[in-house]
Amino acid sequence: MQKIVVDPITRIEGHLRVEIIVDDANVVTDAYAGSTLWRGIETIVKGRDPRDVGFMTQRICGVCTYSHYRAGIEAAENALGIVPPKNAKLTRTLMNAALYMHDHCVHFYQLHGLDFVDVVSALSADPAKAEAEALKWCDKPLACGIGELKAVQEKLKTFVDKGELGIFANAYWGHKTYRFSPEQNLVALSHYLECLKVQRTAAQLMAIFGAKQPHPQSLTVGGVTCVMDILDPARIGEYKTKFLEISDFIHRAYLADIKMAAAVYKNEPSVMNDVGVDNFMCADEFYLGDDYLFKGGIVTNMLSNPVLGAIDESKITEEATRSWYKNDKALHPYDGEQEPNYTGLKDEKTLNAKGELEDSKVFDMNGKYSWIKAPRYDNLPVQVGPLATIVVNYLAKNPIVTKEVDALLAELNIELKDLLSTLGRTAARMIEAKIISEHALKALDNLVENLKVDQSTCAPYKIDNSKEYKGRFIGNAPRGMLSHWIRIKDGIVQNYQAVVPSTWNASPKDANGKMGTYEACLIGLKIEDLTKPLEIIRKIHSYDPCIACAVHVLDKKGNKLGEYKVGV
């Protein structure tokens, strides 16, 4: 038996540490996933005007800033009984579409794709054969002409010849679990570089109605403030043009590469048969003017006896038995607490990258080991994310989702159960992006039509300081179901809790020893090389972790500038 520590998990937002126990055959027998930084936003917003909360909560994350911004605004609206005008709701959908398409494309290429793509292998590819490979998966592949592929090879060769791989450094190139041919690696690498350009367009798309990205500024309690933009035909046209540019990338690169990866990797053990937690939950999302594009619900026991039902908010709790907080009880988010109780790490010997045992600081596997709490639904761990959205909507017979899933299963000759895996989480993210790219413009059309008869963008309201209010936002972010819960007393925030997607997925063990899905999906995994645990990283990346909880302060030389203690 040996312990392996992967810290930090790179190519994610925030700080995540994973520790595993393997047996003599290198098979994972136990796993611990924990965040080592404290967010603390819930404490910061206490005592504040509830109308200011969204501007603070968006600082929870540097990627899904819009999700937390909107959640903070809409939690306050729900508490105060405010219903935003239709124009405001549609505008929020358009901003959300910009975020999702941006986030999902970046996740596969810049964050997760290199778990499938062996970059250095692309140097030995035949560009003509690579062009032919690209045409297998798309009749008009993006950036895959012979000349374009040669240019990509030359750019990569420049890095290699200098002895520095730059953005492609510090990876496990040549690992035995890579399955792409050199030509397939070259195709995916070309799209990786194209995605860097698409990121710019996607950020501009958000800024059309949001003023800037990250941290847009146009939402307010009651509606939106981007009145001049939604009334300007030029801005409407600019949104549609940039939207279609990103949609083109999704169809001619992202979709094709996921199909290629699924066909090649569907027999690779490290991406299959790892559903993790088989309870799935998502919320209504993407209001199009008459209904939601994705419908909410919860599916329990997906592997054995799937049951689909509506979400009962009263059954949502968070506990801190294994988390660095004082109150261990399972509390509903309205009553949540986060007084810190950091118990530290333990001294132990672990295996390093050279295969040698060395002194290390490790999680206390019998005590608390994460700043992430353990959310539960009716005492059950739950998986959230694009896969959850696809599973719930497929079982609910959402015709749009059913059509896309059935088409992918037929083309790849796989079954629905094969999507309950790392491969499935990666494919579901693409399916979600494709559906959004093909349907979200309905919100733009409905906005234009509604503005002809109604130009209201903000609902009037009053706050009675003699009353107590409570409310919540429940929706989806790119990484899964997100909820913010607020109590208001004397006109200010009395209590606030954010239960984010990665809290559900990266949950530590609870009082009953039940794992969150990060930990559960690693059990039974065989690792090829303990000093190069690509398989662990590949699985964890499939959830698109967003562990952003706090901010480091250090100088460029890495010297410690200060040390602080909280709760004393």
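Residues numbered from 1 in each chain as written. Predicted model: local features only at pLDDT ≥ 70, side-chain atom pairs only at ≥ 80, totals over all residues. Heavy atoms only, no water.

S.K.: Would you explain the sheet that holds strand 1 (residues 2-6) in this entry?
M.R.: Strand-to-strand pairing in sheets goes through backbone hydrogen bonds, with the strands running parallel or antiparallel. The strand order across the open sheet formed by three strands is 1-3-4, and the pairing between neighbours is antiparallel. Since the sheet does not close on itself, it has two edges, and those belong to strand 1 and strand 4 (28-35), each with one partner. Here the strands of the sheet are splayed against their neighbours by 15° on average, with no regard to which way each runs. Against the sheet, helix 16 (residues 534-541) contacts strand 1 and strand 3 (16-22), and its axis sits at roughly 130° relative to strand 3. (Pairing = 2+ DSSP bridges. Helix = DSSP H or I, 4+ residues; strand = E, 2+ residues; numbered from the N terminus. Axes fitted to C-alpha atoms, helices over the stretch in contact; angles between N-to-C directions. Contact = heavy atoms within 4.5 Å.)

S.K.: Help me understand the environment of D139, please; the structure alone is not making it clear to me.
M.R.: Relative to the helices and strands, D139 resides in the loop between helix 5 (127-137) and helix 6 (146-161). D139 sits 113 residues away from R252 along the chain, and the two C-alpha atoms are 8.3 Å apart.

S.K.: How should the pairing of strand 14 (residues 357-362) be read in this particular structure?
M.R.: Along any regular strand the residues' side chains alternate between the sheet's two faces. Pairing geometry for strand 13 (residues 346-351) and strand 14, over six bridges, is antiparallel. Among the inter-strand pairings, E348 is bridged to a residue of strand 14, identified as S360.

S.K.: Help me out: how do you make sense of the packing of aromatic side chains in this one?
M.R.: Aromatic ring pairs: the centre-centre distance and the angle between the two ring planes describe each pair. Applying the stated criterion across every chain yields a total of 22 aromatic pairs. A centroid spacing of 4.7 Å and a plane angle of 65° characterise the contact between W324 and Y342, whose relative ring orientation is edge-to-face. Residue W324 is found in the loop between strand 12 (316-319) and strand 13, and its partner Y342 is found in the loop between strand 12 and strand 13; the two are separated by 18 residues along the sequence. In this arrangement the basic side chain of K89 is found over the ring face of Y287, its NZ or CZ atom lying 4.4 Å from the centre. (Phe/Tyr/Trp six-rings, centres within 6.5 Å; stacked < 30°, edge-to-face > 60°. Lys NZ or Arg CZ within 6 Å of the ring centre and 35° of its normal.)

S.K.: Can you walk me through the state of the cysteines in this structure?
M.R.: Here a disulfide denotes a covalent bond joining the sulfur atom of one cysteine to the sulfur atom of another. Under the definition given, this model contains zero disulfides. With no disulfide of its own, C64 lies 3.3 Å from the sulfur of C61, the closest cysteine sulfur. Sulfur of C195: no disulfide; nearest cysteine sulfur belongs to C105 and is 5.3 Å away. (Disulfide = S-S within 2.5 Å.)

S.K.: Just to check I follow, could you spell out the side chain of N398 for this structure?
M.R.: Relative to the elements of secondary structure, N398 occurs in the loop between helix 10 (386-395) and helix 11 (399-412). Apart from the residues within four sequence positions on either side, N398 is in contact with L293, F294, K295 and N393.

S.K.: Explain unusual backbone geometry here, please?
M.R.: Generally, phi is negative for residues other than glycine and the peptide bonds are trans, each holding for most cases. Residues D7 and P8 are joined by a peptide bond in cis, for which omega reads 0°. The topology assignment puts P8 in the loop between strand 1 and strand 2 (13-14). Here the amide bond leading from Q213 into P214 is cis, since omega sits at 5°, within 30 degrees of zero. Tracing the backbone through its elements, the reader meets P214 in the loop between helix 7 (182-210) and strand 5 (219-220). For A143, which is not glycine, the phi dihedral falls at a positive 55°. Structurally, the position occupied by A143 is in the loop between helix 5 and helix 6.

S.K.: Would you mind going over the layout of surface pockets with me for this structure?
M.R.: Where empty space is left can be seen by rolling a probe of water-molecule size over the atoms. Within this model, the second largest pocket holds a volume of roughly 690 Å³. Lining the second largest pocket are 34 residues; nearest its centre among them are V6, P8, T10, Y172 and I537. Listing elements by their share of the lining of the second largest pocket, those giving two or more residues are strand 1, strand 13, strand 14 and helix 16. Along the lines of polarity and charge, the residues of the lining of the second largest pocket split into 19 nonpolar, eight polar and seven charged. (1 Å grid on protein atoms, 1.4 Å probe; cavity = no way out; pocket = protein on both sides within 12 Å on 5 of 7 lines; lining within 4 Å. Points joined across faces, edges and corners; volume = space filled by probe spheres on them. Nonpolar A, V, L, I, M, F, W, Y, C, P; charged D, E, K, R; others polar.)

In short, geometric facts, not functional conclusions.
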